[in-house]
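What follows is each chain in one-letter form.
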Amino acid sequence: FDAIAREAPARLSSFREQHLSNLAWSFAIAPTSAVSTAPALFDAIAAAAVPRLGEFTPQGLTNLAWAYAEVAHPAPELYEAIGHRIGSAPERHPTSCLTTVLWAIAAAGGAPRAERLDAVAEALAARLDECADQELCNAAWAFAVFDHVPRSELFGAHFGARCEALSARFSRSGLCQLHQWRIWAAERALHEGMPSPRLLERCHSAFEDGSATASSLQRAVGDGLAALGLRVEEEVQLSSGYSLDFVVDWRGQRLGVEVDGPSHFVGEAPSGRTMLKRRQLRSLGWRVAPVPYLEWNGLAQAGSPTPSPDLEVARQQQPQQQQRLAYLAAVLDKAADST
């Protein structure tokens, strides 16, 4: 894989469209070590693919979009072009292509233009009976991430009925996607297309059943919160099914703290999953202080925010520890002041 990653970029002009999508797909399913050495290759594939997207087959387009989302490689121009392709003529693409592309763009934190989303939603609404179980989940989750209510009746009674018809086939991840869609639908007062209470309960149970193992980064942040003299609650399960890494009382307010490691980002921007969780926690009444790994890890090299008066307890700590405590106080202050 290393040799391919080094040699292929200079030769991509001779690749056919299917070769480009196959190459991206192959690296996406390769061992993580191979993917980590290929950012320049993914940049080159995107640059070669964008002007030729009109020549890609729907399957090639699907594989390309999936591959970039799977490896979380930032490629905004590629996602914009793919969104334009499916939004301009959704009737020419199978439901598997439409829903996978929606999922991929959403997972990368992108957002197609509203008119393109409406066009795709209208096409899907007319072909719901063709949609497989994962296609329903991908579409629902993507629209929740985009926070876009389609003009068509995509999420009407027919959608709920189709979910019921395929309920035995849903995977745990699909049920989790539907649960997040349900939270979004409630925010947007979309009630007509809800599946049965039994299926919704399955979605809720699947969503809150995920076990979490604290990373070294999360433990370090927890130690920092404790060093501020705070009572720290860890892995707090909420009635919504979401969990918070930490909950603390700060300036008379109960705040959540989320430690966002590398898997929460596409490049340096929050992923769609991270954006959706942050937004939904806010809608559920929580003020959340995010601690991105890039900021935390960079504290030793860069200046820190102005320390808060609450840091008297940390005056005797080592400089790097003081810096991290100052940072935590600043992000807690920002969360407490948010509306």
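That block above? That's the structure.
Report on the accompanying structure.

Calculation notes
- Residues numbered from 1 in each chain as written.
- Predicted model: local features only at pLDDT ≥ 70, side-chain atom pairs only at ≥ 80, totals over all residues.
- Heavy atoms only, no water.
- Helix = DSSP H or I, 4+ residues; strand = E, 2+ residues; numbered from the N terminus.
- Buried < 20%, exposed > 50% of the residue type's maximum accessible area, 1.4 Å probe, protein only.
- Expected span 1.5 Å × (residues − 1).
- Contact = heavy atoms within 4.5 Å.
- Axes fitted to C-alpha atoms, helices over the stretch in contact; angles between N-to-C directions.
- Parallel < 35°, antiparallel > 145°, perpendicular 65-115°, else oblique.
- Left-handed = near helix turned anticlockwise from the far one by under 90°.
- Nonpolar A, V, L, I, M, F, W, Y, C, P; charged D, E, K, R; others polar.
- Core = buried A, V, L, I, M, F, W, Y, C linked by side-chain atoms within 4.5 Å.
- Pairing = 2+ DSSP bridges.
- Salt bridge = Lys/Arg side-chain N within 4 Å of Asp/Glu carboxyl O.
- 1 Å grid on protein atoms, 1.4 Å probe; cavity = no way out; pocket = protein on both sides within 12 Å on 5 of 7 lines; lining within 4 Å.
- Points joined across faces, edges and corners; volume = space filled by probe spheres on them.

### As for the environment of Ala 330
Working step 1: Tracing the backbone shows Ala 330 in helix α16 (residues 319-337).
Working step 2: Using a relative accessible area of 21% as the deciding quantity, one classes Ala 330 as partly exposed.
Working step 3: Through-space distance from the C-alpha of Ala 330 to that of Ser 152 is 44 Å; in sequence the pair is 178 residues apart.

### Brief notes about helix α5 (residues 58-70)
Working step 1: The end-to-end C-alpha separation of α5 is 18 Å, in line with the 18 Å expected for 13 residues at 1.5 Å each.
Working step 2: Where α5 is buried, its residues touch α2 (17-28), α4 (39-49), α6 (76-88) and α7 (95-107).
Working step 3: Among the residues trailing α5, Ala 72 stands out with phi positive, at a value near 55°.

### A look at the packing of α6 against helix α8 (residues 114-126)
Working step 1: Relative to each other, α6 and α8 sit at 45°, their axes nearing to 9 Å. When the axis of α6 is compared with that of α8, the two are oblique. Where α6 crosses over α8, the two elements pack in a sense that is left-handed. Counted together, Glu 80, Gly 83, His 84, Ile 86 and Gly 87 of α6 and Arg 116, Ala 119 and Val 120 of α8 form the full contact between these two elements.
Working step 2: Split by residue class, the contact of α6 with α8 holds three nonpolar, three polar and two charged.

### A word on the nonpolar core
Working step 1: Judged by nonpolar contacts, the single largest core of 85 residues is most densely connected at Ile 45, Leu 64, Tyr 68, Leu 78 and Phe 159.
Working step 2: Sorting elements by how many residues they give to this core places helix α9 (residues 133-146) first, with 10 residues.
Working step 3: Among residues more than four places away in sequence, those in contact with Phe 159 are Leu 128, Leu 136, Ala 140, Leu 154, Leu 178, Trp 181 and Gly 193.

### Considerations on helix α11 (residues 172-187)
For the α-helix, the turn length of 3.6 residues means that residues three or four positions removed from each other point alike.
Working step 1: Compared with an ideal rise of 1.5 Å per residue, which puts 16 residues at 22 Å, α11 spans 23 Å between its outermost C-alpha atoms and is within 8% of the ideal.
Working step 2: Here α11 has its buried residues at Gly 174, Leu 175, Cys 176, Gln 177, Leu 178, His 179, Gln 180, Trp 181, Ile 183, Trp 184 and Ala 185.
Working step 3: Looking at the buried side of α11, the elements it contacts are α7, α9, α10 (157-165), α12 (197-208) and α14 (272-283).
Working step 4: Following α11 by one or two positions, Ala 189 adopts a phi angle in the positive range, close to 55°.

### Brief notes about the pairing of strand β1 (residues 233-237)
Working step 1: As paired elements, β1 and strand β2 (residues 243-250) share four bridges and run antiparallel to each other. Counterpart to Val 236 in the pairing with β2 is Leu 244.

### Notes on the packing of α11 against α12
Working step 1: The N-to-C vectors of α11 and α12 enclose an angle of 105°; their axes lie 8 Å apart at closest approach. Viewed along their axes, α11 and α12 adopt a mutual orientation that is roughly perpendicular. Two secondary-structure elements touch here, α11 through Arg 172, Leu 175, Cys 176, Leu 178, His 179, Gln 180 and Arg 182 and α12 through Leu 199, Leu 200, Arg 202, Cys 203, His 204, Ala 206 and Phe 207.
Working step 2: Classifying every residue of the contact of α11 with α12 by side-chain character gives eight nonpolar, three polar and three charged.

### Notes on the pattern of salt bridges
Working step 1: On inspection of all chains with the given rule, the structure shows 12 salt bridges.
Working step 2: Between Arg 188 and Asp 147 there is a salt bridge, with its nearest N and O atoms 2.9 Å apart. In this pair, Arg 188 is assigned in the loop between α11 and α12 and Asp 147 in the loop between α9 and α10, connecting sequence segments 41 residues apart.
Working step 3: We classify Arg 188 as partly exposed; its relative accessible area is 40%.
Working step 4: On the accessibility criterion, Asp 147 (24% relative accessible area) is partly exposed.
Working step 5: A salt bridge links Arg 251 to Asp 337; its shortest N-O distance comes to 2.6 Å. You can see Arg 251 sitting in the loop between β2 and β3 (253-260) and its partner Asp 337 sitting in helix α16, a full 86 residues away along the chain.
Working step 6: Owing to a relative accessible area of 49%, Asp 337 belongs among the partly exposed residues under this scheme.
Working step 7: Here the residues in one salt-bridge network are Glu 80, Arg 113 and Arg 116, joined through shared partners.

### Thoughts on empty space enclosed by the protein
Working step 1: Here the structure, examined in full by the defined rule, presents one cavity of 30 Å³ or more.
Working step 2: Estimates place the volume of the largest cavity at around 60 Å³.
Working step 3: Every residue lining the largest cavity is listed: Glu 258, Asp 260, His 264, Thr 274, Lys 277, Arg 278, Val 288 and Pro 290.
Working step 4: Counting residues per element, the ones that place at least two in the lining of the largest cavity are β3, α14 and β6 (288-292).
Working step 5: Ranked by the residues each element gives to the lining of the largest cavity, the list is headed by α14, at three residues.
Working step 6: When the residues that make up the lining of the largest cavity are grouped by side-chain class, the tally is two nonpolar, two polar and four charged.

What is shown is where atoms sit, not what they do.
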